[in-house]
Amino acid sequence: MARSFDRVVIVFNPNSTGQAQERAEELKSGLAERAAELPVELRPTEYAGHAREIAREEAGSGAPLVVSVSGDGGYNEVVDGLMKAGGTRAVAAVLAAGNANDHRRVVARRPLLDAIVEGRTERLDLLRLAVDDEEPRYAHSYIGLGITPVVALELERGGKGSLKEIVTTLRAFSRFRPFTIEVDGGRKHFDSLVFANIAEMAKYATLSEDSRPDDGVFEVVLLPHASKLRVVGTAIRAAVRGLGTQPSVREYAFRTVDPMPLQVDGEVLDLAAGARVRVDIAAGALPTVR
């Protein structure tokens, strides 16, 4: 079948600890062998946020397939950059090369090289985050408040790797405090609130039995404030057997009470006190190969 993309742009962080450069070069070599007619370009990033700029730039001409060789955070930059370009024929994909590769692990159907060679594209949903009057931000997998971004911030400070992650997570959990938002006409207290476009996150947790990235809705996984022992029990249940079926919606709106962090596909943003926040689904917004 004819491919909908006319070239491949491989975006990677040359300083990544996840062998991003090696994996990017392997993908380019594989494409040279199996799809020699397809132009391929390597685009190393030079600073934080550069992947977003590269994706937006590449989307401005032709019909590129922009491949992010990264974890979830790096792929978020590429997806968000393509969406901000608007009205393009660009396609996105991710080759896992990071600490957290939730999106690739959940949505992949075959090795990425095989998917590119075949060239068949599909459309997945995206989460769209609007804060006050700022330009919307897109997420391919999840948006989280509460314990999720707190742990992410500690991981940035404390480092990644199995033992370090365990110690860092325990430290973050010991310092964690519940948060309050205004929703449905009143104030509610939560330990965690996650808007999920895929069924799994954080490598081990199953958030929902029936979440799919192409069903036109997202799942709301909320944990009202409870004792820390109960929160630990919920985390163990998510890792061992999953949290079961969760409510599915097309949008969710709230207002912050205090400043708080928010995590978007692994990247942490800061919300100001009194921020108006709206999350909705951009159904079928992302063309991809998987």
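Rules used in this analysis
- Every chain is numbered independently, its residues counted from 1 as its sequence is written.
- Given that this is a predicted model, residues contribute local features only at a pLDDT of at least 70 and side-chain atom pairs are listed and counted only at 80 or more, while totals for whole chains, interfaces and linings are drawn from all residues.
- The basis for every side-chain value is the complete set of non-hydrogen atoms in the structure, without hydrogens or water.
- For this analysis, a salt bridge means a side-chain nitrogen from Lys or Arg found within 4 Å of a carboxyl oxygen belonging to Asp or Glu.
- Partly exposed residues are those whose accessible area sits between 20% and 50% of the maximum for their type, while under 20% is buried and over 50% is exposed, using a 1.4 Å probe and protein chains only.
- Only buried residues count toward a nonpolar core, which is a set of Ala, Val, Leu, Ile, Met, Phe, Trp, Tyr and Cys residues joined through side-chain atoms within 4.5 Å.
- Contacts between residues were defined by any pair of non-hydrogen atoms, one from each residue, lying within 4.5 Å.
- Ring pairs shown here join Phe, Tyr and Trp side chains whose ring centres sit within 6.5 Å, with only the six-membered ring taken for Trp; geometry is labelled stacked below 30 degrees between planes, edge-to-face above 60, and tilted in between.
- Only DSSP runs of H or I with at least four residues qualify as helices, and only runs of E with at least two residues qualify as strands; both kinds are numbered from the N terminus onward.
- Method remark: on a 1 Å grid restricted to protein atoms, a set of points is classed as a cavity if a 1.4 Å probe fits but cannot get out and as a pocket if it is open with protein on both sides within 12 Å along at least five of seven lines; lining residues have an atom within 4 Å of a point.
- Grid points are joined across faces, edges and corners, and a volume is the space filled by probe spheres set on the points.
- The residue classification treats Ala, Val, Leu, Ile, Met, Phe, Trp, Tyr, Cys and Pro as nonpolar and Asp, Glu, Lys and Arg as charged. All others, Gly included, are polar.
- Axis geometry follows a simple rule: fit a line to the C-alpha atoms, using only the stretch in contact for helices, then measure angles between N-to-C directions, giving values from 0 to 180 degrees.
- Definitions for this section: a left-handed crossing has its near helix turned counterclockwise from the far helix by less than a right angle. A right-handed crossing has that turn clockwise.

What follows covers the pattern of salt bridges. This structure, assessed with the given rule, holds 25 salt bridges. In this structure, Arg187 engages Glu182 in a salt bridge whose closest nitrogen and oxygen atoms are separated by 3.5 Å. Relative accessible area serves as the criterion here: at 56%, Arg187 is assigned to the exposed category. Each of Arg109, Arg110, Glu118, Arg120, Glu122, Arg212, Asp214 and Arg290 takes part in one network of salt bridges that share partners.

Formed by 24 residues in total, the largest nonpolar core has its most connected members in Ile143, Leu145, Ile181, Phe195 and Tyr252. Discounting chain neighbours no more than four positions away, the residues touching Phe195 are Leu127, Ser141, Tyr142, Ile143, Leu145, Phe218, Glu219, Val220, Tyr252, Phe254 and Val279. Residues Leu31, Val69, Leu95 and Ile116 belong to the second largest nonpolar core, which totals 22 residues.

Here a ring pair, both rings aromatic, is described through the centre-centre distance and the interplanar angle of the planes. Under the counting rule described, the total for this entry stands at 5 aromatic pairs. Arranged with centres 5.9 Å apart and planes meeting at 90°, the rings of Phe195 and Phe218 form a pair that is edge-to-face. One end of the pair, Phe195, is in strand S9 (residues 186-196); the other, Phe218, is in strand S12 (residues 218-224), and 23 residues separate them in sequence. Here Phe218 falls in the buried class, since its relative accessible area comes to 0%. Consider the rings of Phe195 and Phe254, whose centres lie 6.4 Å apart with planes at 20°: the pair is stacked. Residue Phe195 is located in strand S9, and its partner Phe254 is located in strand S14 (residues 251-256); the two are separated by 59 residues in the primary sequence. Across this residue pair, the class does not change: Phe195 and Phe254 are buried. Counting every residue linked through ring pairs, the aromatic cluster contains Phe195, Phe218, Tyr252 and Phe254.

This part is about the environment of Val183. Looking at the secondary structure, you find Val183 in strand S8 (residues 179-183). For Val183, a relative accessible area of 4% corresponds to the buried category. Here the alpha-carbon distance between Val183 and Thr256, two residues 73 residues apart in the chain, equals 9.0 Å. Not counting the four nearest positions on each side in its chain, Val183 is found in contact with Lys188, Tyr252, Ala253 and Phe254.

Once that is clear, we can look at empty space enclosed by the protein. With the rule as written, the count across this model stands at 1 cavity of 30 Å³ or more. In this structure, the largest cavity occupies an estimated 40 Å³ of space. Around the largest cavity, the lining residues are Tyr75, Ala93, Val94, His103, Arg104, Val107, Thr288, Val289 and Arg290. Of all the elements in the fold, those that place two or more residues in the lining of the largest cavity are strand S4 (91-96) and helix H4 (102-107). Residues belonging to the lining of the largest cavity are distributed by class as follows: 5 nonpolar, 2 polar and 2 charged.

As a further point, take the packing of helix H2 (residues 50-58) against helix H3 (residues 72-85). Contact geometry of H2 with H3 gives a least axis separation of 7 Å together with a crossing angle of 35°. When the axes of H2 and H3 are compared, the crossing they make is right-handed. Between H2, through His50, Ala51, Arg52, Ala55 and Arg56, and H3, the contact on the second element is made entirely by Gly74, Asn76, Glu77, Val78, Asp80, Gly81, Leu82, Lys84 and Ala85. Looking at side-chain class alone, the contact of H2 with H3 contains 5 nonpolar, 4 polar and 5 charged residues.

For the rest of this paragraph, the subject is the layout of surface pockets. What the second largest pocket holds in volume is close to 160 Å³. Along the walls of the second largest pocket sit Leu129, Val131, Asp132, Glu134, Glu135, Arg137, Leu269, Asp270, Leu271, Ala272 and Ala275, which together make up its complete lining. Among the secondary structure elements, those contributing two or more residues to the lining of the second largest pocket are strand S5 (122-131) and strand S16 (267-271). Here the lining of the second largest pocket takes 3 residues from S16, the largest share from any one element. Of the residues in the lining of the second largest pocket, the class split is 6 nonpolar, no polar and 5 charged.

Purely geometric numbers; function is a separate question.
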